[in-house]
Amino acid sequence: MTGELSIDGVFFPTLLALALAALIITYGLTRLIAAFGLYRFLAYRALVDLSLFVLTLGGLSILVPMLGIRL
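My aim in this report is to walk through the structure given alongside it, one point at a time.

Rules behind the numbers
- Residues numbered from 1 in each chain as written.
- Predicted model: local features only at pLDDT ≥ 70, side-chain atom pairs only at ≥ 80, totals over all residues.
- Heavy atoms only, no water.
- Helix = DSSP H or I, 4+ residues; strand = E, 2+ residues; numbered from the N terminus.
- Rg over C-alpha atoms; globule rule 2.2 N^0.38 Å.
- Buried < 20%, exposed > 50% of the residue type's maximum accessible area, 1.4 Å probe, protein only.
- Contact = heavy atoms within 4.5 Å.
- Areas by Shrake-Rupley, 256 points an atom, 1.4 Å probe, with all protein chains shown as cover.
- Expected span 1.5 Å × (residues − 1).
- Core = buried A, V, L, I, M, F, W, Y, C linked by side-chain atoms within 4.5 Å.

**A few points about the overall build of the chain**
Item 1. The helix and strand tally for the chain stands at two helices and two strands.
Item 2. When the helices and strands of the chain are read in sequence order from the N terminus, they spell out β-β-α-α.
Item 3. Taking 2.2 N^0.38 as the reference for a compact globule, 71 residues should give roughly 11 Å; the C-alpha atoms of the chain span a radius of gyration of 15 Å, well beyond that estimate.
Item 4. By its C-alpha atoms, the chain is 45 × 25 × 20 Å across when sized along the principal axes.
Item 5. Here the chain holds 71 residues, and 17% of them are scored as buried.
Item 6. Within the chain, contacts between residues separated by at least 24 positions form 53% of all contacts whose residues are at least 6 apart in sequence.
Item 7. Approximately 5500 Å² of the chain is accessible, and the part contributed by carbon and sulfur atoms is 71%.

**Overview of helix 2 (residues 45-67)**
Item 1. An ideal rise of 1.5 Å per residue puts 33 Å on 23 residues; helix 2 measures up with 32 Å between its terminal C-alpha atoms.
Item 2. Packing partners of the buried residues in helix 2 comprise helix 1 (14-35).
Item 3. In the stretch just after helix 2, Gly-68 is the one whose phi turns positive, near 85°.

**Some remarks on the nonpolar core**
Soluble globular proteins: nonpolar side chains tend toward being buried together.
Item 1. Within the largest apolar cluster, five residues are counted, these being Leu-18, Ala-22, Leu-57, Leu-60 and Val-64.
Item 2. Going through the elements one at a time, helix 1 and helix 2 are the ones with two or more residues in this core.
Item 3. With three residues, helix 2 is the largest single contributor of residues to this core.
Item 4. Residues contacting Ala-22, with those up to four places away along its chain left out, are Phe-53, Thr-56, Leu-57 and Leu-60.

Following this line, the structure appears as structure tokens:
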């Protein structure tokens, strides 16, 4: 995955756009986990949140080129 995203002539790295999307998805996942009360079974909430973000970002970086979405 190479390239940049151009917004009004300003170039942004593709990874930045994917990281923002992963941040939004991770926020939704953490709210869902908190709503079901699953955090009480985990020792370190911050580590779980960071791991969810990394896994989501990795999944998006693999999934986006496979779907043919061009950023």
